[in-house]
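In case you want the letters, here they are:
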Amino acid sequence: MMKNPRILPLLALSLLSACVVPTGPVEVTRFNRASEGVPYGNGSFGVEVAGESAADRSLSASPYVAAVTREMQRVGYGNQAGTSDVVAEIRFGATMIHSERRSPVSVGVGGSTGSYGSSIGLGVGINLGGGSAALLQTSMAVRIIRRSDQLVIWEGRAVQSAKAGSPAAQPAIAASKLAEALFKDFPGVSGETIRVP
């Protein structure tokens, strides 16, 4: 039996934090027409995958569509079936980046001189991992298009790299992270590139 009731909330918090998957920073670039007086975050929206009809939508697109839908609703748009005021058009992809394997042993030499004499140092580093692993670079681009005149009123691109095979490289986790970063402080500063941790 637990004698200290204050430990229970700490235990629950530690279990919750164990469920969070660490992901790398996301690089985001966005453009908008706020300076032209275009309003954002109101009206109805639909989500489409570039080059696919709703009937032909691939299963691989599902996490990206769900993530963008959540973010569009969070920033104020109302989801509507059928004709909507704007459409969020999604493009996504993933590229495997293979890095050269390095020797597991590295040697470094350093020296210094100053008014109190000189010194030299030698360091040996051992990489027990045996080299670096491949990275999966995942990207997502979204364009918000006004249906009435087909004007692109907002667009953004987000890119993230994660170790291949890690939880952070899984499509559902990557899609959520990319969408959250892309819509952070929506509509954002036009033309600015930011890094979202």
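Here, the structure is the one placed above.
A brief look at the structure comes next. Here the residue numbering is sequential within each chain, running from 1 through the sequence in written order. Thresholds applied to this predicted model are a pLDDT of at least 70 for local features of residues and 80 or more for the giving and counting of side-chain atom pairs; totals over whole chains, interfaces and linings are not thresholded and use all residues. Water and hydrogen atoms were dropped before computing side-chain values, which therefore reflect all heavy atoms in the structure.

1. Examining the overall build of the protein chain
Part 1: The helix and strand inventory of the protein chain stands at three helices and nine strands.
Part 2: We count a stretch as a helix when DSSP gives it H or I for four or more residues in a row; a strand needs E for two or more, and each element gets its number in order from the N terminus. Listed by position from the N terminus, the elements making up the protein chain come as α-β-β-α-β-β-β-β-β-β-α-β.
Part 3: Residue contacts follow a heavy-atom distance rule, with two residues in contact if any of their heavy atoms lie within 4.5 Å. Sequence separation of 24 or more characterises 74% of the internal contacts of the protein chain that already satisfy a separation of 6 or more.
Part 4: Throughout, the Shrake-Rupley method with a 1.4 Å probe supplies accessible areas, and for residues the shown protein chains are the sole cover considered. For the protein chain, the computed accessible surface area is about 12,300 Å², with 57% contributed by carbon and sulfur atoms.

2. Here's the deal with the packing of aromatic side chains
Part 1: Classification of ring pairs uses Phe, Tyr and Trp, with its six-membered ring standing for Trp, and accepts pairs whose centres are within 6.5 Å; under 30 degrees between planes counts as stacked, over 60 as edge-to-face, and the remaining range as tilted. Counted according to the given criterion, the structure contains seven aromatic pairs.
Part 2: Where Tyr64 meets Phe92, the ring centres are 4.3 Å apart and the plane angle is 10°; that geometry is what we call stacked. With a gap of 28 residues between them, Tyr64 in helix H2 (residues 62-74) and Phe92 in strand E4 (residues 86-97) connect regions that are remote in the sequence.
Part 3: The partly exposed category is assigned to Phe92, whose relative accessible area is 29%.
Part 4: Through successive ring pairs, a cluster of aromatic residues spans Tyr40, Phe45, Tyr77, Trp154, Phe183 and Phe186. A simple rule labels every residue: compare its accessible area, found with a 1.4 Å probe on the protein chains alone, to the largest value its type can have, and call it buried under 20%, exposed over 50%, or partly exposed in between.

3. Topic: the pairing of strand E8 (residues 151-163)
Part 1: Pairs of strands are assigned from DSSP output, requiring at least two bridges between the strands. Relative to E8, strand E1 (residues 26-32) runs antiparallel, the two sharing seven bridges. The residue of E8 that forms the bridge with Thr29 is Arg157.
Part 2: Pairing geometry for strand E7 (residues 135-146) and E8, over twelve bridges, is antiparallel. Note that in E8 the partner of Ser139 across the bridge is Val159.
Part 3: Turn length for the E7-E8 hairpin, with the two strands adjacent in sequence and antiparallel, is four residues, and the turn residue Gln150 shows positive phi of about 60°.

4. Points about the nonpolar core
Part 1: Working definition of a nonpolar core: buried Ala, Val, Leu, Ile, Met, Phe, Trp, Tyr and Cys residues. They are joined through side-chain atoms within 4.5 Å. Grouped together as the largest cluster of nonpolar side chains are 32 residues, with contacts concentrated most on Val68, Met72, Tyr77, Met140, Val142, Trp154 and Phe183.
Part 2: Those elements that provide at least two residues to this core are E1, strand E2 (44-49), H2, E4, E7, E8 and helix H3 (171-182).

5. A word on H2
Part 1: Between its first and last C-alpha atoms H2 spans 18 Å; for 13 residues at 1.5 Å apiece the expected length is 18 Å, and the two agree.
Part 2: If you follow the buried residues of H2, they end up packed against E2, strand E3 (78-79), E4, E7 and H3.
Part 3: Gly76 sits one or two residues past H2 and shows a positive phi near 120°. Expected span of a helix, by definition, is 1.5 Å for each gap between consecutive residues, and there is one gap fewer than residues.

6. Describing the side chain of Ser84
Part 1: Within the secondary structure, Ser84 is located in the loop between E3 and E4.
Part 2: Judged by relative accessible area, Ser84 falls into the buried class, the value being 4%.
Part 3: In protein, a polar contact requires one atom able to donate a hydrogen and another able to accept it; more generally it is a pair of N or O atoms within 3.5 Å, and residues adjacent in sequence count only if both atoms are side-chain atoms. A polar contact of 3.3 Å, which involves the side chain of Ser84, links it to the backbone nitrogen of Gly46.
Part 4: A polar atom in the side chain of Ser84 sits 2.8 Å from the backbone oxygen of Val86.

7. Brief notes about the pattern of salt bridges
Part 1: When a carboxyl oxygen of Asp or Glu lies within 4 Å of a side-chain nitrogen of Lys or Arg, that pair is called a salt bridge. Taken as a whole, this structure holds seven salt bridges when the rule is applied.
Part 2: Residue Glu36 pairs with Arg33 through a salt bridge whose shortest N-O separation is 3.3 Å.
Part 3: As a salt-bridge pair, Arg147 and Glu48 come within 3.6 Å of each other at their nearest N and O atoms. Linking Arg147 in the loop between E7 and E8 with Glu48 in strand E2, this pair joins segments that are 99 residues apart in sequence.
Part 4: We classify Arg147 as partly exposed; its relative accessible area is 30%.

Keep in mind these numbers describe shape, not what the thing actually does.
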